[in-house]
Each structure stands twice: as C-alpha cells, then as structure tokens.
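Chain by chain, the residues:
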Amino acid sequence: MTRMHNPAHPGEVLRDYLPEGLAVTEAARRLGVTRQALSALLNGRAGVSAEMALRLEAGLGTSAEMWIGMQTAFDLWKARQRPKPKVASLAA
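Given the structure is predicted, the values throughout are model-derived calculations rather than measurements. Going along each chain's sequence as written, the residues are numbered from 1 onward. This being a predicted model, a pLDDT of at least 70 is required before a residue's local features are given, and a value of 80 or more before pairs of side-chain atoms are given or counted; all residues contribute to the totals for chains, interfaces and linings. Water and hydrogen atoms play no part in the side-chain values, which are based on all heavy atoms of the structure.

**Observations concerning the pattern of salt bridges**
Our working rule: Whenever a carboxyl oxygen of Asp or Glu lies within 4 Å of a side-chain nitrogen of Lys or Arg, that contact is scored as a salt bridge. Helix and strand definitions here come from DSSP, where helices need a minimum of 4 consecutive H or I residues and strands a minimum of 2 consecutive E residues; each element is numbered from the N-terminal end. The buried label goes to any residue with under 20% of its type's maximum accessible area, the exposed label to any with over 50%, and the partly exposed label to all in between, with areas taken from a 1.4 Å probe on protein chains only.
In this structure the tally under the stated criterion is 3 salt bridges. Between R30 and E26 there is a salt bridge, with its nearest N and O atoms 2.9 Å apart. Here R30 and its partner E26 are both found in helix α2 (residues 24-31), 4 residues apart, which amounts to about one turn of the helix. Residue R30 is classed as exposed on the basis of its relative accessible area of 57%. Given the relative accessible area of 25%, E26 is considered partly exposed. One salt bridge connects R55 with E51, and the closest N-O pair in it is separated by 2.9 Å. Highlighted residues: R55 and E51, both in helix α4 (residues 50-60), separated by 4 residues, approximately one helical turn. By relative accessible area, which is 27% here, R55 ends up partly exposed. Salt bridges linked by common partners bring E26, R29 and R30 together as one network.

Right, here's the structure in full:
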C-alpha cells in the first residue's frame, strides 16, 4: 500500500488508474512521455502539468480538470505545511 498524504499526490492516485501489470516504460510510451517523466510523477517527484493532464485525459478517459484539481489541492496542502510568510494586509 502506498503512503497517502492528505490529500494524495496525483502520482499516487495515478498508480490506481494504470492497468495492473502495465510497465512504466510501456505506459510512458503510450502517453508519449519519457519513462523518467512518468516515473517522477508516479513517485511524487514531479507534479501534473497541464500538458500531462491532457495526456492522462486522452489515455485514461479521465478529465484533465480532475488531475489539475488534484495537483492544486496537493500543492496548497504542502504550502500550508510550511511556516506562514509575513505578509502585510492589502486592505485599505
């Protein structure tokens, strides 16, 4: 079982969408990306770009918006784990 975050990194979710037994190399070839790019996404070292979201939409029959939304939720969660920056109010 993969260690899940709250929310999960899109790469963790993507693992569940890939057909069982499909090698990363073959999945990357079918998506038209390098093995390294897909591996980085699956292992949480890279995020889902708009281009990758469109490739996943076409290859898996999902929506690009789902992948982008997942990435945004994960990025916000990660940002909220860091110390809050000192910001002055912009309100008048």
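Still to come is the rest of the account.
**Notes on the packing of aromatic side chains**
Applicable threshold: The criterion for an aromatic pair is that two Phe, Tyr or Trp rings (for Trp, the six-membered ring) have centres within 6.5 Å, with stacked assigned to planes under 30 degrees apart, edge-to-face to planes over 60 apart and tilted to the rest.
In the structure shown here, the tally under the stated rule is 2 aromatic pairs. Considering the side-chain rings of Y17 and W67, the 5.4 Å spacing of their centres and the 70° angle between planes classify their relative orientation as edge-to-face. You can see Y17 sitting in helix α1 (residues 10-17) and its partner W67 sitting in helix α5 (residues 64-81), a full 50 residues away along the chain. Judged by its relative accessible area of 37%, Y17 falls in the partly exposed class. Judged by relative accessible area, which is 0%, W67 ranks as buried. Arranged with centres 6.1 Å apart and planes meeting at 35°, the rings of F74 and W77 form a pair that is tilted. Of this pair, F74 and W77 both sit in helix α5, 3 residues apart, which is roughly one turn of that helix.

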